[in-house]
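# Observations on the three-dimensional arrangement
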Amino acid sequence: MITRRNLLTSGAAATLVTPFGGFLAGPARGQAGPLFRFGIVADPQYAPVVPNLRMNRYYANSLWKLSAAIGEFNKHDLRFVATLGDIIDRHWESFGHVLPVYDQLKHERFFLLGNHDYDVANDYLASVVRNTGMPRAYYDFAGGGYRFIILDGNDVSTFAPPRGDARRELAAERLAALKQKNAINAQAWNGSLSDAQFAWLGETMTKAKASGEKVIVMGHYPIYPVNIHNLWDAERIVELLTGFDNFVAYFCGHNHAGNFAEVSGKYFVNFCGMVDTPDTTAYSIVEVHADRLEIRGFGREQNRSLKI
């Protein structure tokens, strides 16, 4: 199993040892079972700080919650584990505490970033992606007849681009326009895709369809149903994705309470935040079958059966 083992010590950058080699689908011949399985974690949001009792967030407890989740993941034949952003809550040094916990994981790991991952000093903003070992802020990989597309909802935001980056000015314009419309997601802690990333998403969906691949898209921010936590440009993303018959589901975090919606057999699953509550966890194992997705929830996360 290819893994990334050299995740950082505090303040040091992680690099990819080898590119992900993909995987084949299907149980052993003559055996029943899913095509493959993978794990999902949303919003560990670790920081060595006191809890926020008003928001029911226990930041330091995410270390043991994550370690326990990895212990469970290691009992199963998973192709990978994806973390849907907000690895930390704040402070650059928090990465040095939480990322080494992933070294316990026996499976390939994939990260994407949330708004809190950029709650670091300005000098570190340009290093967040490299620090987590990601190939870039948005990317894709394939396996088992599926294409997995990882989006960067921080691309055009008021907090992730380094100061002086033109995307900050564009973000301010987008946010102001949404506020003028009284949009409920006109929040400074949300973000949006750049036009370049949006074009890449369409191109990647098209290539996946031409290759006969089904697609699961993952992002930190919800896009459907309408919600205070949604990406600023959620509508155009939903319209694009639901226009492809090979699109299966969109997985996200950010809204710690969780959420769910369906549009013409296309699913939008908002996973619960691990950081919430002092002692109850939240994570999932997803089983991919030929005709359905089976989500097995742990802790606050519920079970779902989603027909394809």
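Below is a summary of the structure that appears in this document. (Residues numbered from 1 in each chain as written. Predicted model: local features only at pLDDT ≥ 70, side-chain atom pairs only at ≥ 80, totals over all residues. Heavy atoms only, no water.)

### A look at the sheet that holds strand 5 (residues 146-150)
Defined as follows: Note on pairing: DSSP must find at least two bridges between two strands before they are called paired. Helix and strand definitions follow DSSP, with helices as H or I runs of at least four residues and strands as E runs of at least two, each counted in order from the N terminus. As a rule, the C-alpha atoms of each element are fitted with a line to give its axis, helices using only the stretch in contact, and angles between N-to-C directions run from 0 to 180 degrees. It only takes one pair of heavy atoms within 4.5 Å for two residues to be counted as in contact.
Judged by pairing direction, the sheet is mixed, and its six strands sit side by side in the order 4-5-6-7-9-8 without closing on themselves. Lying at the two open borders of the sheet, with one neighbouring strand each, are strand 4 (139-143) and strand 8 (259-263). Ignoring strand direction, the axes of neighbouring strands in this sheet form an average angle of 15°. Where strand 6 (residues 214-218) meets strand 7 (residues 247-252), four bridges bridge the pair, whose relative direction is parallel. Counted as the bridge partner of Val217 is Tyr250 from strand 7. Against the sheet, helix 5 (residues 195-210) contacts strand 4, strand 5, strand 6 and strand 7, and its axis sits at roughly 175° relative to strand 5.

### Observations concerning the sheet that holds strand 11 (residues 292-299)
The strand order across the open sheet formed by six strands is 3-2-1-10-11-12, and the pairing between neighbours is mixed. Each edge of the sheet is formed by a strand with only one pairing partner; in this case those strands are strand 3 (108-112) and strand 12 (304-307). Sheet twist, expressed as the mean angle between neighbouring strand axes with direction ignored, is 20°. The sheet strands contacting helix 1 (residues 62-73) are strand 1 (36-41), strand 2 (80-84), strand 10 (282-288) and strand 11, and the helix crosses strand 10 at an angle near 25°.

### A few points about the side chain of Ser157
Operational definition: The cut-offs for exposure are 20% and 50% of the maximum accessible area for each residue type, with area from a 1.4 Å probe on protein chains only; residues under the lower value are buried, those over the upper are exposed, and the others partly exposed. Think of a polar contact as two N or O atoms within 3.5 Å of one another; within protein, one of them needs to be a possible hydrogen donor and the other a possible acceptor, and neighboring residues in sequence only count if both atoms come from side chains.
For Ser157, the location among the structural elements is in the loop between strand 5 and helix 4 (166-180). Classification of Ser157 by relative accessible area gives buried; the value is 0%. For Ser157, the side chain forms a polar contact with the main-chain oxygen of Asn154, separated by 2.9 Å. A polar contact is formed between the side chain of Ser157 and the backbone nitrogen of Ala160, at a distance of 3.2 Å. Apart from residues lying up to four places away in sequence, Ser157 is in contact with Arg167, Arg168, Ala171, Asn190, Gly191 and Trp232.

### Quick look at the pattern of salt bridges
A pair can form between side chains of opposite charge whenever their charged atoms are brought close. Quick note on the threshold: In the sections that follow, a salt bridge refers to a side-chain nitrogen of Lys or Arg positioned within 4 Å of a carboxyl oxygen of Asp or Glu.
On inspection of all chains with the given rule, the structure shows 14 salt bridges. Between Asp245 and Lys209 there is a salt bridge whose closest N-O contact spans 3.8 Å. In this pair, Asp245 is assigned in the loop between helix 6 (234-242) and strand 7 and Lys209 in helix 5, connecting sequence segments 36 residues apart. Look at Asp245 and you get exposed, because its relative accessible area is 58%. For Lys209, a relative accessible area of 43% corresponds to the partly exposed category.

### Re the nonpolar core
We apply this condition: Residues belong to a common nonpolar core when they are buried Ala, Val, Leu, Ile, Met, Phe, Trp, Tyr or Cys residues joined through side-chain atoms within 4.5 Å.
By size, the foremost hydrophobic cluster in this structure holds 84 residues, and its most contacted members are Phe38, Phe148, Leu201, Met218, Leu241 and Phe251. Broken down by element, this core gets its largest block of residues, six residues, from strand 7. Residue contacts for Leu201: discarding those within four places in its chain leaves Ile149, Leu151, Leu193, Ile237, Leu240 and Leu241. Residues Leu175, Leu178, Ala186 and Trp232 belong to the second largest nonpolar core, which totals six residues.

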